[in-house]
Amino acid sequence: LLMQPSGMKLGELYAVWCATNHPHLSRNSINTYRRAWERVAANYSERDIGCIKTEELQHVVGEISYEDAKKFRSLIRQMYELASEGKPIHSPAEKIVLPRRMYRHREAFKPYEVAKMWEAYHAGDRDAAYALILVYTGMRTGEFARLREKNIDFVLRTITGIATKNEKCAMKPVIVPRIIVPVLESLCVGNPEHLLVDMSGVSFYKLYYSFLDRIQIRSLP
């Protein structure tokens with residue numbers, strides 16, 4: 001397929017993409033895609049999408065992290081699909097090479113820090129329940145935010161139907177250690193549709209870090 005003018009500017013395509021996709025995305029995904037767009041908005045917004053070269057986009061990718069580059073490539077690819085409408089428009093996104101992925105070592109809470117969480121929980125601090133569930137199950141905060149009572153099988157001690165990352169993760173149940181079962185039960189009200197975390201993501205993060213600060217342990221994610 002040969003590169004050719006499409007008659008659509010990149011900025012126009014982004015507006016269409018936002019209107020089409022934002023209603024179906026989480027706030028976190030919207031913000032990530034917005035960061036990806038900001039990488040090209042200043043220099044490419046008024047450019048015809050059919051005339052942008054792979055080399056130009058590769059230069060952008062070379063200056064950002066692997067995760068941001070992955071979202072960036074995905075965004076550009078989707079915008080070209082919108083622009084093509086069945087026409088043979090060459091997409092430079094197909095040849096973008098992602099930077100090397102850098103894995104970060106994540107610190108874990110020390111036993112004495114987890115002990116402080118338990119101490120707060122047994123003293124009646126409800127916020128401690130949230131922290132303990134995340135620590136013992138390994139759920140992502142986005143998954144925890146989707147957790148309803150119907151997703152929990154207390155007999156098998158598993159949680160299903162909350163995966164947010166990919167299909168592979170969705171196939172694996174979250175294992176609930178026996179020690180954390182009473183904590184989960186304390187957040188249930190007997191309604192299958194009841195959300196265990198009934199608050200916005202911003203409010204939850206504030207609550208979580210405020211709790212860690214209150215019991216004087218490290219503010220680990």
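Residues numbered from 1 in each chain as written. Predicted model: local features only at pLDDT ≥ 70, side-chain atom pairs only at ≥ 80, totals over all residues. Heavy atoms only, no water.

Counting 36 residues, the largest nonpolar core has Met117, Met139, Phe144, Leu147 and Ile159 as its most contacted members. Those elements that provide at least two residues to this core are helix 5 (111-122), helix 6 (126-137), helix 9 (181-186) and helix 10 (201-214). The element that contributes the greatest number of residues to this core is helix 6, accounting for seven residues. When sequence neighbours within four positions are dropped, the list of residues in contact with Ile159 reads Met139, Leu147, Asn151, Ile152, Pro173, Val174, Val176 and Leu184. (Core = buried A, V, L, I, M, F, W, Y, C linked by side-chain atoms within 4.5 Å. Buried < 20%, exposed > 50% of the residue type's maximum accessible area, 1.4 Å probe, protein only. Helix = DSSP H or I, 4+ residues; strand = E, 2+ residues; numbered from the N terminus. Contact = heavy atoms within 4.5 Å.)

Time to look at the environment of Phe154. Within the fold, Phe154 resides in the loop between strand 1 (152-153) and strand 2 (158-159). According to the relative accessible area criterion, Phe154 is partly exposed, its value standing at 30%. Sequence separation of Phe154 and Gly62 is 92 residues, and the distance between their C-alpha atoms is 47 Å. Excluding anything up to four places from it in sequence, Phe154 contacts Val181, Leu184, Glu185 and Cys188.

Attention now moves to the packing of aromatic side chains. Throughout the structure, instances matching the rule amount to eleven aromatic pairs. Measuring from centroid to centroid gives 6.2 Å for Tyr14 and Trp17, while their planes differ by 15°, and the two rings are stacked. Of this pair, Tyr14 and Trp17 are both found in helix 1 (residues 10-21), three residues apart, which corresponds to roughly one turn of the helix. The exposure classification of Tyr14 matches that of Trp17, with both residues buried. Ring centres 5.9 Å apart and planes at 85° place the aromatic pair Trp118 and Tyr121 in the edge-to-face group. Placement of the pair is Trp118 and Tyr121 together in helix 5, with a separation of three residues, close to one helical turn. Pair check on accessibility: Trp118 and Tyr121 agree, each one buried. Cluster of aromatic residues (ring-pair linked, three or more members): Tyr130, Phe144, Phe204, Tyr205, Tyr208 and Tyr209. (Phe/Tyr/Trp six-rings, centres within 6.5 Å; stacked < 30°, edge-to-face > 60°.)

By themselves, these figures tell us nothing about what the structure is for.
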